Every structure is written in C-alpha cells, then in structure tokens.
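Here is what each chain is made of, one letter per residue.
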Amino acid sequence: MAKLILSMDGLALKEVVLDKERTTIGRKPHNDLVIDNLAVSGEHAVIVTILNDSFLEDLGSTNGTFVNGQQIKKHFLQNGDTIELGRYKLKYHADQIEPLVADSVRALTGANGLLSRTAALAPLPPGMTAPGAQRLPVQSLAADVTAVVRILSGPNTGRELFIRKALTTLGRPGVQVAVITRRPQGYFITHVEGTQFPLVNGRSLGAEAFPLNDHDVIELSGTRMEFVLRSAVSAPADGVATLH
C-alpha cells in the first residue's frame, strides 16, 4: 500500500498510509494529515487513491502545492515524488507493483502522445459513484462483453484499444488523464488529472465517475475516440490492441 513520509529539514516526522479513497492534508484538525503551520492552509490538498494509483490535488491553498519543485493543481503521483508544503515535505512511496502510467507500456498516437495502460486490478471501491441517475450504464455486464476505444482523429484514426481488465488509463501525464473502469454494472470514465475535464458527446465531465454507453464519443488530450461494446470473442488473445 502506498504511503507518505512527512519530514521537515531532513527529519522524518510521521508516516501516513494511503488506505483511504481520499486523504486530506491541511492545518485544520479534521484533516487526515494535520500540519499545524501557518504556511499550510486549513484545507490545503487532497490525495485521491484509486486502486494502486494516487492523484494529488491542490484545494486552492494560499501558498500552493509543489511536487519536485514545480507548482501543481493536479498531479499523478509516481514513486519517489516529493510534495512540498512550505518547509514540510511529503515523500511518496508507491507499492512495488507496475505503475499504471509507465514508459515501458506507453502507446503513443502520433504528436498527441495519447497513452494507454490496462491493469489486471480489482474494481474501484463502491464509494465512487456516478452522477446523473438519468444516464444508465449496462445494467449487468455480461462476461463475454468487452469494450473497445477506437481512435477517430489524428494520424492513428481507426486504430483500436481493447479493454478487458479492470482499469485503463488514457491521456498525457501532466496535461490531461482519465481512467476507464470496468464494473459489474458497466464501464465508467473518471477524470484524474488536468485543468480541463474530458468531454463525452460534447459534454464536460465532472469530478466523479461517469457511465459510458455504447458509441459514446470521448475527447481527451486533443484526440477524439469512440467507446464501443463488443463480444469478447472478437478481441485479441491478450486483450490489448497496441497503438503506435
């Protein structure tokens, strides 16, 4: 399980295990990690943990949140990252499981740099719910149904990524990242990084998981793609169509 090591001036002060979906950081006592220092806002930042991946978000703090010396609003945390809050530092240590976004598994679609990674992981926690009750995902996802993301724009138009596993990341780290998750009720897309939300059928997503329907059009990192449901027998044996 991922964890943070809190330190100041090189002295380790505390270890925080990221065993919750949301871990809040701030000066006020209701936070999960309380840092009683005037340089830290009352509600300074939050870390959202999805399976084995964690995403840091600044909550409009007065003095800002920095990662490895760069100020961020949202950031996909990677093993060894150092979060800086005033004089305090939080070292992020990830599980020694293959990171979801890794150079060795990037599939680039030309200049847009769209990457994808499918991970054989468990479904998201039940606490992550999808907004908009009027939009219904597949009520019971059959075992022989898989999803395909088909590229609609750019030099790789027509290329396809088969999604069989529990979680797939799409986007460009540091620019815009979203995850598609497979659950018993269907497939959902969630925004995790970037100042702008992805679009589904021209509609901007919110911060929560959003159910995907057959033939939805997703716009992410300057690339348009179509989400399609298919019979699993039509997918390659490894479940992934590599994009080059």
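Residues numbered from 1 in each chain as written. Predicted model: local features only at pLDDT ≥ 70, side-chain atom pairs only at ≥ 80, totals over all residues. Heavy atoms only, no water.

For the coordinates displayed, the defined rule picks out 6 salt bridges. For Glu226, the salt bridge identified is with Arg150, shortest N-O distance 2.7 Å. Of the two residues, Glu226 is situated in strand β22 (residues 223-231) and Arg150 in strand β13 (residues 145-151); the sequence distance between them amounts to 76 residues. What makes Glu226 buried here is its relative accessible area of 13%. The partner of Glu160 in a salt bridge is Arg230, and the shortest N-O contact between them spans 2.7 Å. One end of the pair, Glu160, is in strand β14 (residues 160-163); the other, Arg230, is in strand β22, and 70 residues separate them in sequence. Judged by relative accessible area, which is 18%, Glu160 ranks as buried. (Salt bridge = Lys/Arg side-chain N within 4 Å of Asp/Glu carboxyl O. Helix = DSSP H or I, 4+ residues; strand = E, 2+ residues; numbered from the N terminus. Buried < 20%, exposed > 50% of the residue type's maximum accessible area, 1.4 Å probe, protein only.)

Glancing now at the pairing of β13. Most of β13 sits out of view: 5 of its 7 residues are buried. Strand direction decides the pairing type here: β13 and β22, joined by 7 bridges, are antiparallel. Bridge pairing in β22 places Val145 opposite Ser231. (Pairing = 2+ DSSP bridges.)

Here the focus is the side chain of Glu226. Of the polar contacts made by the side chain of Glu226, one reaches the side chain of Arg150; its length is 2.7 Å. In terms of polar contacts, Glu226 uses its side chain to reach the side chain of His215, at 2.7 Å. Contact partners of Glu226, with chain neighbours within four places excluded, come to Val148, Val149, Arg150, Leu152, His215, Asp216 and Val217. (Polar contact = N/O pair within 3.5 Å; in protein donor to acceptor, adjacent residues only side chain to side chain. Contact = heavy atoms within 4.5 Å.)

Here we take up the sheet that holds strand β11 (residues 88-93). Spatially, 6 strands are ordered β2-β1-β11-β10-β7-β8 in an open sheet, and the strand pairing comes out antiparallel. Unpaired on one side and paired on the other, β2 (11-17) and β8 (70-72) mark the two borders of the sheet. Averaged over all pairs of adjacent strands, the angle between their axes in this sheet comes to 30°, without regard to strand direction. For strand β1 (residues 3-8) and β2, the ladder comprises 6 bridges, and the chain directions are antiparallel. Its bridge partner lying in β2, Ile5 is registered against Glu15. (Axes fitted to C-alpha atoms, helices over the stretch in contact; angles between N-to-C directions.)

Glancing now at unusual backbone geometry. At Asp9, a residue that is not glycine, the phi angle is positive and equals roughly 55°. Secondary-structure assignment places Asp9 in the loop between β1 and β2. In this structure, Ser221 is a non-glycine residue whose phi angle is positive, near 55°. When you line up the elements, Ser221 lands in the loop between β21 (216-220) and β22. On the basis of relative accessible area, Ser221 is assigned to the buried category, the value being 9%.

It is worth spelling out the confidence of the model for the protein at this point. When pLDDT is averaged along the protein, the result is 75; 72% of the residues meet or exceed 70. Across residues 97-139, confidence stays below pLDDT 50; counting only partners more than four residues off in sequence or on other chains, it has 115 contacts. Long-range and interchain partners of residues 235-244, a stretch whose pLDDT sits below 50, account for 27 contacts in this model, where long-range means more than four residues apart. (pLDDT = per-residue confidence, 0-100.)

Here the focus is the pairing of β21. In terms of burial, β21 is largely enclosed, as 4 of its 5 residues are buried. Note: strand β18 (residues 199-200) against β21, 2 bridges, orientation antiparallel. From the neighbouring strand, Leu199 faces β21, where its bridge partner is Glu219. Across 5 bridges, the pairing between β21 and β22 is antiparallel.

The subject of this paragraph is the nonpolar core. One finds Leu4, Ile35, Ile47, Leu56, Ile83 and Leu90 to be the most contacted residues of the largest nonpolar core, which totals 21 residues. Taken together, the elements giving at least two residues each to this core come down to β1, β5 (45-50), β10 (82-85) and β11. A per-element tally of this core places β11 first, with 3 residues. Ignoring sequence-local partners within four residues, the contact set of Ile47 consists of Leu4, Leu18, Glu21, Arg22, Thr23, Ile25, Ser54, Phe55, Leu56, Leu77 and Ile83. Counting 18 residues, the second largest nonpolar core, distinct from the first, contains Leu161, Tyr187, Val200 and Met225. (Core = buried A, V, L, I, M, F, W, Y, C linked by side-chain atoms within 4.5 Å.)

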